[in-house]
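The lines below spell out each chain.
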Amino acid sequence: MAYVINDSCIACGACQAECPVGCISDGDIYTIDDSQCIDCGSCAAVCPVGAPNPED
Ligand code: SF4
Ligand code: SF4
């Protein structure tokens, strides 16, 4: 399992600062390295648009 950031990301950067393992990269939309994500949910908790969600 890992979280995935969807197209609603507005690239605010809030999630990157909260990730305990530093697996979120910036870009036009931010992206999560699914090999490092520990599924903690911190990114989803701080995102203003609800872009990070648990992968199916
Ligand atoms: S769920 Fe946790 S470990 Fe995974 S990307 Fe979000 S903040 Fe980082
Ligand atoms: S907190 Fe949400 S909107 Fe901001 S960069 Fe992260 S995923 Fe994108």
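Computed from a predicted model, the values in this text were never measured in an experiment.

1. A look at the site of ligand 2
Part 1: Close to ligand 2 lie 14 residues; Cys-9, Cys-12, Gly-13, Cys-15 and Cys-47 are nearest.
Part 2: Broken down by class, the residue content of the shell around ligand 2 amounts to 13 nonpolar, one polar and no charged.

2. As for the site of ligand 1
Part 1: If you check the shell around ligand 1, you find 14 residues, and the closest are Cys-19, Cys-37, Cys-40, Gly-41 and Cys-43.
Part 2: Classifying every residue of the shell around ligand 1 by side-chain character gives 11 nonpolar, two polar and one charged.

3. Structural notes on the environment of Tyr-3
Part 1: Along the chain, Tyr-3 falls in strand E1 (residues 3-5).
Part 2: Exposure remark for Tyr-3: the relative accessible area of 13% places this residue in the buried category.
Part 3: For the pair Tyr-3 and Asp-26, spaced 23 residues apart in sequence, the C-alpha separation works out to 15 Å.
Part 4: When neighbours within four sequence positions are excluded, Tyr-3 is seen to be in contact with Ile-32, Cys-37, Asp-39, Gly-41, Cys-43, Ala-44, Pro-52, Asn-53, Pro-54 and Glu-55.

4. Considerations on the nonpolar core
Part 1: Membership of the largest hydrophobic core comes to 14 residues, with the highest contact counts inside it found for Ile-5, Cys-15, Ile-24, Tyr-30, Ile-32, Cys-37 and Cys-43.
Part 2: Those residues in contact with Cys-15 that lie beyond four places of it in its chain are Ile-5, Ile-24, Tyr-30, Cys-43 and Val-46.

5. Here's the deal with the environment of Val-49
Part 1: As for its placement among the helices and strands, Val-49 is situated in the loop between helix H2 (42-46) and strand E4 (52-54).
Part 2: Taking the C-alpha atoms as reference, Val-49 lies 13 Å from Val-4; in sequence the two are 45 residues apart.
Part 3: With sequence-adjacent residues up to four places away left out, Val-49 is seen in contact with Ser-8, Cys-9 and Ile-10.

6. Section: unusual backbone geometry
Part 1: Unusually for a residue other than glycine, Ala-11 sits at a positive phi of about 55°.
Part 2: Residue placement: Ala-11 occurs in the loop between E1 and helix H1 (14-18).
Part 3: Residue class for Ala-11 comes out partly exposed when judged on its relative accessible area of 29%.
Part 4: A positive phi angle, near 65°, is found at Asp-39, a position not held by glycine.
Part 5: Within the element layout of this structure, Asp-39 appears in the loop between strand E3 (31-32) and H2.

Cut-offs and rules
Position numbers for residues start from 1 in each chain and track the written sequence from start to end. Naming scheme: in the order in which they are written, chains are lettered from A and ligands are numbered from 1. The predicted origin of the model limits local features to residues at a pLDDT of at least 70 and limits the giving and counting of side-chain atom pairs to 80 or more, whereas totals for whole chains, interfaces and linings rest on all residues. Where side-chain values are given, they derive from all heavy atoms of the structure, hydrogens and water being excluded. The nearness test applies per residue and asks whether one of its heavy atoms lies within 4 Å of the molecule or strand. Here the term charged refers only to Asp, Glu, Lys and Arg, the term nonpolar to Ala, Val, Leu, Ile, Met, Phe, Trp, Tyr, Cys and Pro, and the term polar to all other amino acids, Gly among them. What counts as a helix is a DSSP run of H or I of at least four residues, what counts as a strand is a run of E of at least two, and both are numbered from the N terminus. Here's how the labels work: a residue is buried when its accessible area is under 20% of the maximum for its type, exposed when over 50%, partly exposed in between, all with a 1.4 Å probe on protein chains only. The contact criterion used throughout is that any non-hydrogen atoms of two residues lie within 4.5 Å. Each nonpolar core is a collection of buried residues, namely Ala, Val, Leu, Ile, Met, Phe, Trp, Tyr and Cys, held together in the definition by side-chain atoms within 4.5 Å.

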